[in-house]
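Chain and residue survey
Given next are the chains, with one letter for each unit.
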Amino acid sequence: GATPISSATSPPLSATSMSTFEYKFDAESSDEDESIDERKAMRAPFKGCESDAEGDACVRRRRRSRRARIHVQHSLETPLRDVGLQVWRGALVLGDFLEANQALVRGATVLELGCGCALSGLVAAKRAGHVFMTDAPLHVLANAECNAELNLVHEKCSVRQLDWCSTDTLLHGLRRHARHATSEGAPQRSTVDPAGSDEPADCRRYSWREADYARLTRCTLVLGADVVYDLPATGRLVKLLCELLLLLPPGACALVALERRINFHMPSLSVRATAAEYFAARLAAEAGASGILHASRIPLNFAQRFQYERVKELDLWLIQRKEGNTLASIARIAAPAAEERLRASSHFAPA
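Scope of this entry: the structure provided in the associated data block. Residue numbering note: each chain is counted from 1, following its sequence as written. Since the coordinates come from a predicted model, pLDDT governs what is reported: local features require at least 70, and pairs of side-chain atoms require 80 or more to be given and counted, while whole-chain, interface and lining totals use all residues. For the side-chain quantities, the full set of heavy atoms in the structure was used; hydrogens and water were omitted.

Despite not being glycine, Leu152 shows a phi value in the positive range, around 60°. Residue placement: Leu152 occurs in the loop between α5 (138-150) and β6 (157-161). Even without glycine at this site, Asp226 takes up a positive phi of about 55°. One can find Asp226 in the loop between β7 (219-225) and α9 (231-247). Looking at Asp226, the relative accessible area reads 11%, which means it is buried. Each helix is a run of DSSP H or I of at least 4 residues and each strand a run of E of at least 2, with the numbering of both proceeding from the N terminus. Note on classification: 1.4 Å probe, protein chains only; a residue is buried when its accessible area is under 20% of the maximum for its type, exposed when over 50%, partly exposed between these limits.

Structure representation (structure tokens):
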């Protein structure tokens, strides 16, 4: 689903590729369909066709489909520790959903967790007010920053380091500014200045700033694509998602796209997608414990804009507050069967 293009200025990666992902702005007819329809109209009798003042037929023309392109530097294959340098199908299905629901993104502040190559964040950045692209490895962050520059959206994107094992600084900054939003007086500033810290320069480049926390208090959309594949990391991801949604505005929601990767599960002697099952189980437990969060699967019946194989193993999850109405219409169309699978998966216990 990608067309390779050459790159002479990209920072070196192992087995580097530069790809252009092309997708439709809308679901209207293609140029070929348009020309066929016009030829048929010219050959067919103009029965019922409107005419102009001179008696010529007014043929209704279909508008041409518009296409957009996203350039992504990525690796074709990597060891497990560098999977953030590859493009995976979950990012494409999430990109499809964002294009099908443009009002969610337009003018919004967006936070992407585990951004990797940042394909989903780049789609969001086309319409968002600001996008935070976050990941842990520095070389992955450098590549995401490069991709933002390649697509000329770097001025509305902030690339920041976020390790799910150490989220206290981010959450504390959010709480500090959230309290300020509902009370008088300026929030107490953090004593940590990235410019004056002892961290290496490349670490300081992706450190959180005080202004970031203030901007994040207005975040209404959290994204995660292909971030469910390791059980310990999955548990930390779910905990972080729920903590964020309890701090963000009531209308905020999270979208997580994943591909259920099937492996042989030795304890049960069966073939299972253990990471995806664990994600659903932890999500059900955390949402239930909060009392105000709700999680459901979204049917993948929206238009496919990117070119990829939309396999049956792909899932798209919606997490939001029960009182939030940002995606109320989407939540209502979540299949009852998906709700049943969520309840069933809550009994999963990894061996």
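What counts as a salt bridge is simple: a side-chain nitrogen of Lys or Arg found within 4 Å of a carboxyl oxygen of Asp or Glu. Throughout the structure, instances matching the rule amount to 14 salt bridges. Asp96 is paired through a salt bridge with Arg310; the nearest N and O atoms lie 2.9 Å apart. In this pair, Asp96 sits in helix α2 (residues 89-100) while Arg310 sits in the loop between β11 (293-297) and β12 (314-321), placing the two residues 214 residues apart along the sequence. By relative accessible area, Arg310 is classed as partly exposed at 22%.

What follows covers empty space enclosed by the protein. Buried and open spaces are told apart on a 1 Å grid over the protein atoms alone, a cavity being a set of points where a 1.4 Å probe fits but cannot get out and a pocket being an open set with protein on both sides within 12 Å along at least five of seven lines. Residues with an atom within 4 Å of a point are the lining residues. Grid points are joined across faces, edges and corners, and a volume is the space filled by probe spheres set on the points. Evaluation of the coordinates by the stated rule reveals one cavity of 30 Å³ or more. One number sums up the size of the largest cavity: a volume of about 30 Å³. Lining of the largest cavity is provided by Leu98, Glu99, Gln102, Val105, Val123, Ala124 and Arg127. Under the grouping applied here, Gly and all other residues not named as nonpolar or charged are polar, the nonpolar ones being Ala, Val, Leu, Ile, Met, Phe, Trp, Tyr, Cys and Pro and the charged ones Asp, Glu, Lys and Arg. Its residues assigned to classes, the lining of the largest cavity comprises four nonpolar, one polar and two charged.

It is worth spelling out the packing of aromatic side chains at this point. Aromatic pairs are defined between Phe, Tyr and Trp rings, using the six-membered ring for Trp, whenever the two ring centres lie within 6.5 Å; interplanar angles under 30 degrees are classed as stacked, those over 60 as edge-to-face, and all others as tilted. A full pass over the atoms with the stated rule returns four aromatic pairs. Seen in terms of ring centroids, Phe97 and Phe302 are 5.2 Å apart; in terms of plane orientation they differ by 75°. Their pairing is edge-to-face. Of the two residues, Phe97 sits in helix α2 while Phe302 sits in the loop between β11 and β12, which places them 205 residues apart along the sequence. Looking at Phe97, the relative accessible area reads 2%, which means it is buried. Owing to a relative accessible area of 11%, Phe302 belongs among the buried residues under this scheme. On the basis of an interplanar angle of 15° and a centroid distance of 6.3 Å, the ring pair of Trp208 and Tyr213 is categorised as stacked.

Turning our eyes to something else, we now look at helix α10 (residues 274-290). Between its terminal C-alpha atoms α10 stretches 24 Å, which fits the 24 Å expected from 17 residues at 1.5 Å a residue. All of the buried residues along α10 are Thr274, Ala275, Ala276, Tyr278, Phe279, Ala280, Ala281, Leu283 and Ala287. Of the residues flanking the end of α10, it is Gly291, one or two places downstream, whose phi is positive at about 80°. One less than the number of residues in a helix, times 1.5 Å, gives the span that helix is expected to have.

So, about the packing of α9 against α10. What counts as an axis is a line fitted to C-alpha atoms, over the stretch in contact for a helix, and the angles between N-to-C directions run from 0 to 180 degrees. Closest axis-to-axis distance for the α9/α10 pair is 9 Å, and the angle between their directions is 30°. What the angle tells us is that α9 and α10 run roughly parallel. As α9 runs across α10, the sense of the crossing is right-handed. Contacts between α9 and α10 pair Leu231, Thr234, Gly235, Leu237, Val238 and Cys242 from the former with Thr274, Ala275, Tyr278, Phe279, Arg282, Leu283 and Glu286 from the latter. Here the contact of α9 with α10 is composed, by residue class, of eight nonpolar, three polar and two charged. By definition in this entry, angles of less than 35 degrees are roughly parallel, angles greater than 145 are roughly antiparallel, angles of 65 to 115 are roughly perpendicular, and the rest are oblique. The sense of a crossing depends on the near helix, which, turned anticlockwise from the far helix by less than a right angle, makes the crossing left-handed and, turned clockwise, makes it right-handed. The contact criterion used throughout is that any non-hydrogen atoms of two residues lie within 4.5 Å.

With that settled, consider the sheet that holds β7. Strand pairing in a sheet takes place through backbone hydrogen bonds and is either antiparallel or parallel in direction. Across the sheet, which stays open at both edges, the seven strands sit in the order β6-β5-β4-β7-β8-β12-β11 with mixed pairing between neighbours. Strand pairing shows two members of the sheet lacking a second neighbour, β6 and β11, which therefore form its edges. Averaged over all pairs of adjacent strands, the angle between strand axes in this sheet comes to 20°, irrespective of strand direction. Note: two strands are recorded as paired if DSSP finds a minimum of 2 bridges between them. Relative to β7, strand β4 (residues 109-113) is paired through five bridges, and the arrangement is parallel.

Patch membership needs two things, relative accessible area over 30% and no salt bridge, and members are linked within 9 Å if like-charged or within 5 Å if nonpolar (Val, Leu, Ile, Met, Phe, Trp, Tyr). Shrake-Rupley sampling with a 1.4 Å probe provides the accessible areas, and residues are treated as covered by the protein chains on show and by no other component. Judged by side-chain polarity, Ile262, Phe264, Met266, Leu269 and Val271 come together as a nonpolar surface patch covering roughly 560 Å² of accessible area. Secondary-structure assignment places Phe264 in strand β9 (residues 263-265).

What follows covers α5. Across its 13 residues, α5 extends 18 Å between first and last C-alpha, which sits within 8% of the 18 Å expected from 1.5 Å per residue. Taken together, the buried positions of α5 are occupied by Val140, Leu141, Asn143, Ala144, Glu145, Cys146, Asn147 and Ala148. Remark: Leu152 follows α5 within two positions and exhibits a positive phi of approximately 60°.

From the geometry alone we can't say anything about function, so treat these as descriptive.
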